[in-house]
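Commentary on secondary and tertiary structure
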Amino acid sequence: MPPGSAQATSGTRARIVTFLRCTPAPGQWRTALYTSLVMAVPVLVITAIAGLDVGPMALFGSLIALWNTGRPLRSRIRTFSVVACVLPGSMALGVLISPLPWLMAPTLAVVTLVAVTLYYAFVVGPGPGPLNTFFACALGAYLGSHTDNAWQIVLVTFCSALLTGLLSFADLAVRPRHPERSAVAAARDAVDTYARMPAHPDGTRMPGRPDGQTDEPLLTARDHATGAVHRAWGMLRAAHARNAAHRALVDDLLHIESRLAHRLVADHFPGTVAGYEETRDSHVGRPAPRRLLGHALDRHSPARLTAGRNALSAGAAVLVAQFLGIGHPYWAVLSSAVVLHSGAARDFALERALHRVLGTLFGVLVVAGVWSLGPTRSGQVVILLIGVYGMNLLLSRQYTLAVVAVTAMAMMANTASSPDPAVGHLFADRVVETLTGCGVALVVLWSTGRRGPRAAQIRQYHRTVDAIARLLACIDRGDPASSEARQARRDVAYERERHNGMLIRALADDPALAAWLPVDRAVGDLAHDALAAVWHPDAATALSAGAARDVLLLTRWKPEPRTTDLVHAVCVVATVEKTRDALSCGTTTHRWRMSVPLWPA
């Protein structure tokens, strides 16, 4: 066999193994059982009160249990309050437009655009993504035109979301500070790992060495430590607590950050001992909502690209389903959203579409087999709840099997609330609309935004540089502990983490972006230089923060990088290196630097 054929065969085999792999998840059964119980109670209670005609549809409102897990109480209350209004509100909008089928596609596209943009602007923490918020509109449009109890189902969804939200706080009653404690513990572990790493043997400042090499494990440990501390502060700020337990966690995190500060200063300014002076009220959490919304609305933001793709796909899926005369067009919308809502790379989206199609086919066969046994309507509710547990157990382990459970769960909700459905047509609709939705999503994905990741990466680079420049300006004025400086530190950590995260995700979509990896590393080094300078005891005299800021901003008057190719990447790295050398002002051993002009002619 030719070498090329052998390599292709090996790659195909690896893809198949990855596709079929069941990811280990020790202890997941406990989490799945807890979440399933939280979801099951509202379904059972509302079914007992409202009856089998509308009760099983409480399942949709109970999906709120999947949102914002692992967050503090106030953060959860805020999220649950919004979602508990958005889900039934979006469904009610669908019911209102149901008499006008031609209005469904444009309305759904607008709702999708708004929902996805706001989700990726503001929502923090794990969750099912924004798909349920606009899927509710498509479901409401179907219910309004095919049932007489659409408004009852809207009310059931609202009540189910409220009850599920209340039950979701049960874990905080047992462990009231668990999210904050977990975040602080993660920060402690990350800083401990970084502190144990050996320093540079040649005395040069991090990360440079005379031979131009870097210590990748040390840099990775540093990035993880600063990121974990930043996230822990965000978690504590989100809690908005003022009791003794919270103050103890703040003191603990201050001690952890003090250790981080001493190691950062020692690495980036050798021979210097950090002057760490922080107080409990000296930290800020996430950037302001206005800033987050501005990020999401930016012309080149990943959130805007993802929202645009989802809106186009949702509207097109409805139009195709209506043209084909399929009875449940909301399933096509759901399938397209499953492929696109996370903004993942094309290869991953294709894999997710295959998972969805295969899982749906197997799920329909399972439901058909169960249906042949003639289950009662109460028995169908029990099978529905078994599907809920299967979904929660398998969703993070094997997506095809999870879709089997999701299909059984969804179809049992349909059949339990509709005693005499045309079951054969129901099964056929589920399969055809899954194929329709996945097909439309893949067409949209492969035909839009091919240069989006590159443009977004350039834009994020400029945001990160601006944040670093603001922090350097505060250091130059001699007020590194001011409110403005604290906000600049927050922005540096936030923008730097986004720069790295965007690049890692975009590489899967556009391998040519690997040319930008040296820029990401150089920007990370400069960001940590600036963060370490905050804790430098003689920053005003020993460092030249103003000169570094001027060098960094002066390059903004030159032709800015418009591409992420190798030539521009080398020039950007040279700019960052000049900024770092200007900041050190000869106080540390000079490192290897590139002999290149700032920008190509």
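It should be noted that the structure appears before, not after, this text.
Attention in this report is confined to the structure presented alongside it. Please read these numbers as outputs of a predicted model, since none were measured by experiment. Along each chain, numbering runs from 1 in the same order as the chain's sequence is written. Only residues with pLDDT of at least 70 get local features here, since the model is predicted, and only at 80 or more are side-chain atom pairs given and counted; chain-wide, interface and lining totals rely on the full set of residues. With hydrogens and water stripped out, all remaining heavy atoms of the structure feed into the side-chain values.

Description of the environment of Pro 302
Here a helix means four or more residues in a row that DSSP labels H or I, a strand means two or more in a row labelled E, and each is numbered from the N terminus. Among the secondary structure elements, Pro 302 is positioned in helix α13 (residues 302–324). Separated by 155 residues in the primary sequence, Pro 302 and Gln 457 have C-alpha atoms spaced 9.2 Å apart. When checking whether two residues touch, look at their non-hydrogen atoms; a contact exists if any pair is within 4.5 Å. Not counting chain neighbours up to four residues away, the residues in contact with Pro 302 comprise Ala 456 and Met 502.

Details of the environment of Leu 526
Note that Leu 526 resides in helix α21 (residues 517–534). Linking Leu 526 and Arg 580, residues 54 residues apart in sequence, is a C-alpha distance of 6.2 Å. If we ignore the near neighbours within four places in the chain, the residues touching Leu 526 are Ile 468, Leu 552, Val 576, Thr 579 and Arg 580.

Some words on the pattern of salt bridges
The salt bridge criterion pairs a side-chain nitrogen of Lys or Arg with a carboxyl oxygen of Asp or Glu, the two atoms within 4 Å. In this structure the tally under the stated criterion is 26 salt bridges. Of the charged contacts in the structure, one is a salt bridge between Asp 267 and Arg 263, with a shortest N-O distance of 2.9 Å. Residue Asp 267 and its partner Arg 263 are both found in helix α11 (residues 244–268); the two are separated by 4 residues, about one turn of the helix. A residue is classified by how much of its surface remains accessible, and Asp 267, at 4% relative accessible area, is buried. With a relative accessible area of 11%, Arg 263 lands in the buried category. Notably, a salt bridge pairs Arg 580 with Asp 529, separated by 2.4 Å at the nearest N-O pair. One end of the pair, Arg 580, is in helix α24 (residues 566–584); the other, Asp 529, is in helix α21, and 51 residues separate them in sequence. Buried residues are those whose accessible area, probed at 1.4 Å on protein chains only, stays under 20% of the maximum for their type, while exposed residues exceed 50% and partly exposed ones sit between those limits.

Brief notes about the packing of α11 against α21
Their axes nearest at 9 Å, the elements α11 and α21 cross at an angle of 115°. Crossing geometry of α11 relative to α21 is assigned as left-handed. Seen from α11, the contacting residues are Leu 264, Val 265 and His 268; seen from α21, they are Asp 525, His 528, Asp 529 and Ala 532. The residue makeup of the contact of α11 with α21, split by class, is 3 nonpolar, 2 polar and 2 charged. Under this scheme, a helix contributes an axis fitted over its contacting stretch, all axes are lines through C-alpha atoms, and angles between N-to-C directions fall in the 0 to 180 degree range. Each crossing is labelled by how the near helix is turned from the far one, with a counterclockwise turn of less than a right angle marking it left-handed and a clockwise turn marking it right-handed. All amino acids are sorted into three groups, where Ala, Val, Leu, Ile, Met, Phe, Trp, Tyr, Cys and Pro are nonpolar, Asp, Glu, Lys and Arg are charged, and the leftover types, Gly among them, are polar.

Focus: the packing of helix α9 (residues 178–196) against helix α10 (residues 216–239)
The interhelical angle for the contact between α9 and α10, taken along N-to-C directions, is 160°, at an axis separation of 8 Å. As far as their axial angle goes, α10 and α9 are roughly antiparallel. Remark: the crossing between α9 and α10 carries left-handed chirality. For the pair α9 and α10, the contacting residues are Pro 179, Glu 180, Ala 183, Val 184, Ala 186, Ala 187, Ala 190, Val 191 and Tyr 194 in the first and Leu 218, Ala 221, Arg 222, His 224, Ala 225, Ala 228, Val 229, Ala 232, Met 235, Leu 236 and Ala 239 in the second. When describing relative orientation, an angle under 35 degrees is termed roughly parallel and one over 145 degrees roughly antiparallel, while 65 to 115 degrees is termed roughly perpendicular and anything else oblique.

Considering empty space enclosed by the protein
Think of a 1 Å grid over the protein atoms and nothing else: a 1.4 Å probe that fits but is trapped marks a cavity, an open set flanked by protein within 12 Å on at least five of seven lines marks a pocket, and residues with an atom within 4 Å of a point count as lining. Grid points are joined across faces, edges and corners, and a volume is the space filled by probe spheres set on the points. Summed over all chains, the structure comprises 3 cavities of 30 Å³ or more. The space that makes up the largest cavity amounts to roughly 240 Å³. Contributions of two or more residues to the lining of the largest cavity are made by α10, α11 and α20 (483–509). Partitioned by chemical class, the residues of the lining of the largest cavity number 8 nonpolar, 4 polar and 4 charged.

Concerning the packing of aromatic side chains
Side-chain rings of Phe, Tyr and Trp, where Trp is taken by its six-membered ring, are said to pair if the distance between their centres is within 6.5 Å; with planes under 30 degrees apart they count as stacked, over 60 as edge-to-face, and otherwise as tilted. Evaluated as defined, the whole model comprises 9 aromatic pairs. Centroid distance Tyr 119 to Tyr 120: 5.1 Å. Interplanar angle 85°. Geometry classified as edge-to-face. Looking at Tyr 120, the relative accessible area reads 32%, which means it is partly exposed. Through pairs of rings, three or more aromatic residues link up here, namely Phe 60, Phe 135, Tyr 142, Tyr 330 and Trp 331. Of note, Arg 352 hangs over the ring of Tyr 399, and the distance from its end group to the ring centre comes to 3.8 Å. Only lysine NZ and arginine CZ atoms are considered, and such an atom sits over a ring when it is within 6 Å of the ring centre and within 35 degrees of the ring normal. The residue whose ring lies beneath Arg 430 is Trp 331, and the NZ or CZ to ring-centre distance is 4.9 Å.

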